Amino acid sequence: MNANTASARADAAKPAHVGDHLRQWRQRRHLSQLDLAGDAEISARHLSFVETGRAAPSRDMVLKLAERLDVPLRERNVLLVAAGYAPAFPQRSLEDPALKSARAAIDQVLSAHEPNPALAYDRHWNLVSANRMVMPLLKSIPPRLLAQPMNILRLAFHPEALASRTVNLAEWCSHLLERLHRQCEATADPELISLYQELKAYRIPARSAPPSADNVAIPFKLRLDGETLSFISTTMIFGTPVDITLSELALETFFPADDLTAERMRMMAASLK
């Protein structure tokens, strides 16, 4: 399924009952009724009845099918409500006392990653938190582009933001677009699909060739003060979240890809003390 197909589905009328929802998620995952029924240990006939509305699934069955389909927690609540049940997964602010330990873990990861940059962002790529090493890399960007909510993908693609200073712009932005496209396919989130369409409209040069087989990762090469800093990144998520906010949160940590970058980040960190 491409992003245009996902967009068309997102714009379509909302499913009338839980069977419609389940069928759409099954089709997004490219599974037959027989495949899903086998995974969920039910008969294909019963699954067919659920999808057509001839049978009402139990709450446990809705949750089991949603798990097998890898449905995001936010959408699992939609399935439950459509089936006539109460939502199972809460959504709290990160400032909620119940998420105090999670927030502390996020802050610890971001702080411990210094002198290298690290940040946390939500399901729509809006910045949630960052360590001290991120903002110095964004200097000279117009304040209007740094206003909240700060979308880190827009910063990467905007010609007045990081796009004009990214040395390997075609390679890096192609990588980001591929990541976003996979999210659109996995979630069918209308806002993500809209963001994908927006970013594709930027005049980003096409990647001249696939990544070299010699590369271990696609670097992010940023021009800063006349030098090129090079980073490789890793993404972390919470392993077993049962809260929607935590399930949609990602932490991106950047590591120096060469000695020059490592030294410049150490110097930058020392200047911030």
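Quick notes on the rules
- Residues numbered from 1 in each chain as written.
- Predicted model: local features only at pLDDT ≥ 70, side-chain atom pairs only at ≥ 80, totals over all residues.
- Heavy atoms only, no water.
- Helix = DSSP H or I, 4+ residues; strand = E, 2+ residues; numbered from the N terminus.
- Buried < 20%, exposed > 50% of the residue type's maximum accessible area, 1.4 Å probe, protein only.
- Contact = heavy atoms within 4.5 Å.
- Lys, Arg positive; Asp, Glu negative; His and termini not counted.
- Charge placed at Lys NZ, Arg CZ, Asp CG, Glu CD.
- Salt bridge = Lys/Arg side-chain N within 4 Å of Asp/Glu carboxyl O.
- Pairing = 2+ DSSP bridges.
- Axes fitted to C-alpha atoms, helices over the stretch in contact; angles between N-to-C directions.
- pLDDT = per-residue confidence, 0-100.

## Describing the overall build of the chain
Turning to step 1, where the next piece is worked out: Looking only at helices and strands, the chain has 12 helices and 5 strands in total.
Turning to step 2, where the next piece is worked out: In terms of its C-alpha atoms, the chain occupies a principal-axis envelope of roughly 65 × 45 × 35 Å.
Turning to step 3, where the next piece is worked out: The buried share of the chain, taken over its 273 residues, is 44%.
Turning to step 4, where the next piece is worked out: For the chain, long-range pairs separated by at least 24 residues make up 60% of all intrachain contacts whose partners lie at least 6 apart in sequence.
Turning to step 5, where the next piece is worked out: The chain carries 32 positive and 31 negative side-chain charges, and their two centres are separated by 2 Å.

## Overview of the pattern of salt bridges
Turning to step 1, where the next piece is worked out: Across all of its chains, the model carries 17 salt bridges by this definition.
Turning to step 2, where the next piece is worked out: Of the charged contacts, one joins Asp 243 and Arg 92 as a salt bridge, the two residues approaching to 3.0 Å between their closest N and O atoms. With Asp 243 in the loop between strand 4 (227-237) and helix 11 (244-247) and Arg 92 in the loop between helix 6 (73-82) and helix 7 (100-112), this pair connects stretches of sequence that are 151 residues apart.
Turning to step 3, where the next piece is worked out: Two residues, Glu 198 and Arg 154, come together in a salt bridge whose shortest N-O distance is 2.8 Å. One end of the pair, Glu 198, is in helix 10 (residues 190-200); the other, Arg 154, is in helix 8 (residues 152-157), with 44 residues separating them in the sequence.
Turning to step 4, where the next piece is worked out: Among the charged side chains, a network of salt bridges with common partners joins Arg 74, Arg 123, Asp 189 and Glu 248.

## Here's the deal with the sheet that holds strand 5 (residues 250-256)
Turning to step 1, where the next piece is worked out: Spatially, the 5 strands line up as an open sheet ordered 2-1-5-4-3, and their pairing is antiparallel. Of all strands in the sheet, those with a lone pairing partner are strand 2 (127-130) and strand 3 (220-224), marking the two edges. For this sheet the average axis-to-axis angle between neighbouring strands, irrespective of direction, equals 30°.
Turning to step 2, where the next piece is worked out: Where strand 1 (residues 118-121) lies against strand 2, 3 bridges are found, and the strand directions are antiparallel.

## Brief notes about the pairing of strand 1
Where a strand is regular, its side chains alternate between the two sheet faces.
Turning to step 1, where the next piece is worked out: Of the two faces of strand 1, the one holding Ala 118 and Ala 120 and the one holding Leu 119 and Tyr 121 are both buried throughout.
Turning to step 2, where the next piece is worked out: Where strand 1 folds back onto strand 2 in an antiparallel hairpin, the turn is made up of 5 residues, including Trp 125, whose phi is positive at roughly 70°.

## Considerations on the side chain of Arg 165
Turning to step 1, where the next piece is worked out: Residue position: Arg 165 is located in the loop between helix 8 and helix 9 (169-187).
Turning to step 2, where the next piece is worked out: With no salt bridge to any partner, buried Arg 165 finds its closest opposite charge in Asp 225, at an N-O distance of 7.4 Å.

## A look at the confidence of the model for the chain
Low pLDDT marks regions whose predicted coordinates should not be analysed in detail.
Turning to step 1, where the next piece is worked out: Taken as a whole, the chain shows an average pLDDT of 91; of its residues, 91% reach a score of 70 or greater.
Turning to step 2, where the next piece is worked out: Throughout residues 5-13 the model reports pLDDT below 50, and contacts reaching past four residues in sequence, or to other chains, amount to 10 contacts.

## Observations concerning helix 2 (residues 18-28)
Turning to step 1, where the next piece is worked out: Here helix 2 lies mainly inside the structure; 8 of its 11 residues are buried.
Turning to step 2, where the next piece is worked out: Just beyond helix 2, the residue with positive phi is His 30, at close to 55°.

## Thoughts on the environment of Gln 24
Turning to step 1, where the next piece is worked out: For Gln 24, the location among the structural elements is in helix 2.
Turning to step 2, where the next piece is worked out: Between the alpha carbons of Gln 24 and Glu 51 there is a distance of 9.5 Å; along the sequence they are 27 residues apart.

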